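Architecture and fold: a report
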Amino acid sequence: MSAPTLVDRLSHLSTELTAAERENLKFLLSMAAGGLLSGHARAVPEELRAVALATAQRSLPRLHGGVRPAFETGVVFLGRGPFFSEEDIAALDAESRRYRERAERFHDHYVASGAPLARELALSTKVHDFLVSQVGPVLPTHKANYLYYDEPGLGIDPHVDKDEFSLNVLTMLQHSPEDRHSELILHPPEQDALRVHLAPGESLVFFADSVTHQRTRTVAGETVRLVSFGYRTIGSV
Ligand SMILES: [Fe+2]
């Protein structure tokens, strides 16, 4: 049997922590991974940076007990979700346009919460049953956000999400014009970055609390509009 690695030790440590302590450790690891991915430690030898990054990235899914056993990329589903009808997408699109004026700036993008249709669909059996079929028992967190990146220079640096969006159902409503610049990029551990280009109506379901991800900056004239539903796996610690 090989010696426990630092990832194993951190994973073991997380079982002894309170929920608040574990959230703190997750935050530290996500800041470390995000900072290293953003090139904030160039003075440190490359080998150490690579080991530290892989340790942070591999430890994040391990903070959740045994419920991410097959974690490789964090992606659960990518494409046109069977849980939305054409009418659902059209209604979400219309509601998100209406809610734009209520959106508040959150770091480098805009967020509107509490819209009734988004909340209703986030609680629908269709979405719930699909997620259960993919990852086992889940609970909605009652969080549904419209996200707007519709000014030049908006985006979000590498990070992992809070517990409310552990399992994130992220659906594209608009990305225009045709010539896109802003990209959603996932950084699974020790693998090439995964560039996700969603067409309107397509969804990415992923463990947003475990895989570092970012949205690169928009350029002048570019608009990205999304809706995000938050779930938690049951049994998560
Ligand atoms: Fe996120």
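Just above, that's the structure.
Report follows, based on the coordinates. Worth saying up front: this structure is predicted, and the values here are computed from it rather than measured.

All right, on to the side chain of Asp-209 then. One can find Asp-209 in the loop between strand E9 (202–207) and strand E10 (212–215). A polar atom in the side chain of Asp-209 sits 3.2 Å from the side chain of Ser-166. At a separation of 2.8 Å, a polar atom in the side chain of Asp-209 contacts the side chain of Ser-210.

For strand E11 (residues 223–233), the tally of buried residues reaches 10 of 11 residues, placing the bulk of the element in the interior. Where strand E4 (residues 138–149) meets E11, 9 bridges bridge the pair, whose relative direction is antiparallel. Each bridged residue has a counterpart across the sheet, and for Val-138 the counterpart in E11 is Thr-233. As paired elements, strand E6 (residues 167–176) and E11 share 9 bridges and run antiparallel to each other. Bridge pairing in E11 places Met-172 opposite Leu-226.

The next point concerns the coordination of the iron ion. Around the iron ion, the protein contributes the donor atoms His-159 (NE2), Asp-161 (OD) and His-213 (NE2), which lie 2.0 to 2.2 Å from the metal centre. Here the donor residues of the iron ion share one chain and are spaced in sequence as H-x1-D-x51-H. Placement of the pair is Asp-161 in the loop between strand E5 (156–159) and E6 and His-213 in strand E10, with a sequence separation of 52 residues. Judged by its relative accessible area of 12%, Asp-161 falls in the buried class. By relative accessible area, His-213 is classed as buried at 5%.

Grouped together as the largest cluster of nonpolar side chains are 46 residues, with contacts concentrated most on Leu-131, Tyr-146 and Phe-229. No other element matches E4, which puts 6 residues into this core.

For helix H6 (residues 125–135), the set of buried residues is Val-127, Phe-130 and Leu-131. Each buried residue of H6 sits inside an arc of 95° when the element is viewed along its axis, so together they form one side. Set apart from the buried face of H6 by more than 90 degrees, the exposed residues are Thr-125 and Ser-133. Structurally, H6 contributes buried residues whose contacts are with strand E1 (75–80), helix H5 (116–122), E4, E6, E9 and E11.

Attention now moves to the pattern of salt bridges. Counting across every chain of the model gives 14 salt bridges. With a shortest N-O distance of 2.9 Å, Arg-62 and Asp-8 are connected by a salt bridge. One end of the pair, Arg-62, is in helix H3 (residues 46–62); the other, Asp-8, is in helix H1 (residues 6–15), and 54 residues separate them in sequence. The exposure class assigned to Arg-62 is partly exposed, which follows from its relative accessible area of 33%. Linking Asp-93 and Arg-225 is a salt bridge whose minimum nitrogen-to-oxygen distance equals 2.8 Å. Placement of the pair is Asp-93 in helix H4 (residues 86–98) and Arg-225 in strand E11, with a sequence separation of 132 residues. Owing to a relative accessible area of 19%, Asp-93 belongs among the buried residues under this scheme. Overall, Arg-225 belongs to the buried group, its relative accessible area being 5%. Because the salt bridges share partners, they merge into one network encompassing Arg-105, Asp-108, Glu-151, Asp-157 and Arg-217.

In spatial order, the strands read E1-E9-E6-E11-E4-E3-E2; together these 7 strands make up an open sheet with antiparallel pairing. Two strands bound the open sheet, and with one partner strand each, they are E1 and strand E2 (104–106). For this sheet, the mean inter-axis angle between neighbouring strands, taken without regard to orientation, is 25°. Relative to E9, E6 is paired through 5 bridges, and the arrangement is antiparallel. Pairing of Leu-167 across the sheet is with Phe-207, part of E9.

Rules used in this analysis
- The residue numbers shown here count from 1 along each chain, following its written sequence.
- pLDDT decides what is reported in this predicted model: residues at 70 or higher carry local features, side-chain atom pairs at 80 or more are listed and counted, and totals for whole chains, interfaces and linings draw on all residues regardless.
- The basis for every side-chain value is the complete set of non-hydrogen atoms in the structure, without hydrogens or water.
- Helix numbers and strand numbers start at the N terminus; a helix is a DSSP run of H or I with at least 4 residues, a strand a run of E with at least 2.
- Definition of a polar contact: a pair of N or O atoms within 3.5 Å, with one able to donate and the other able to accept a hydrogen when the atoms are protein atoms, and with sequence-neighbouring residues admitted only if both atoms are side-chain atoms.
- Under the scheme applied here, a residue whose accessible area is under 20% of the maximum for its type counts as buried, over 50% as exposed, and between as partly exposed, the area being computed with a 1.4 Å probe on protein chains only.
- Two strands pair under a simple rule: DSSP has to find at least two bridges between them.
- Water is not part of the atom set, so a site may look incomplete; the donors themselves are N, O and S atoms within 2.8 Å of the metal, or 3.2 Å for Na, K and Ca.
- Put simply, buried Ala, Val, Leu, Ile, Met, Phe, Trp, Tyr and Cys residues joined by side-chain atoms within 4.5 Å make one nonpolar core.
- Here the arc refers to the directions that run from the helix axis out to each C-beta atom.
- Only heavy atoms enter the contact rule, under which two residues are in contact if any of them lie within 4.5 Å.
- The working definition used for a salt bridge is a side-chain nitrogen of Lys or Arg within 4 Å of a carboxyl oxygen of Asp or Glu.
- To obtain each axis, a line is fitted to C-alpha atoms, and for helices this fit is confined to the stretch in contact; angles are then taken between N-to-C directions over 0 to 180 degrees.

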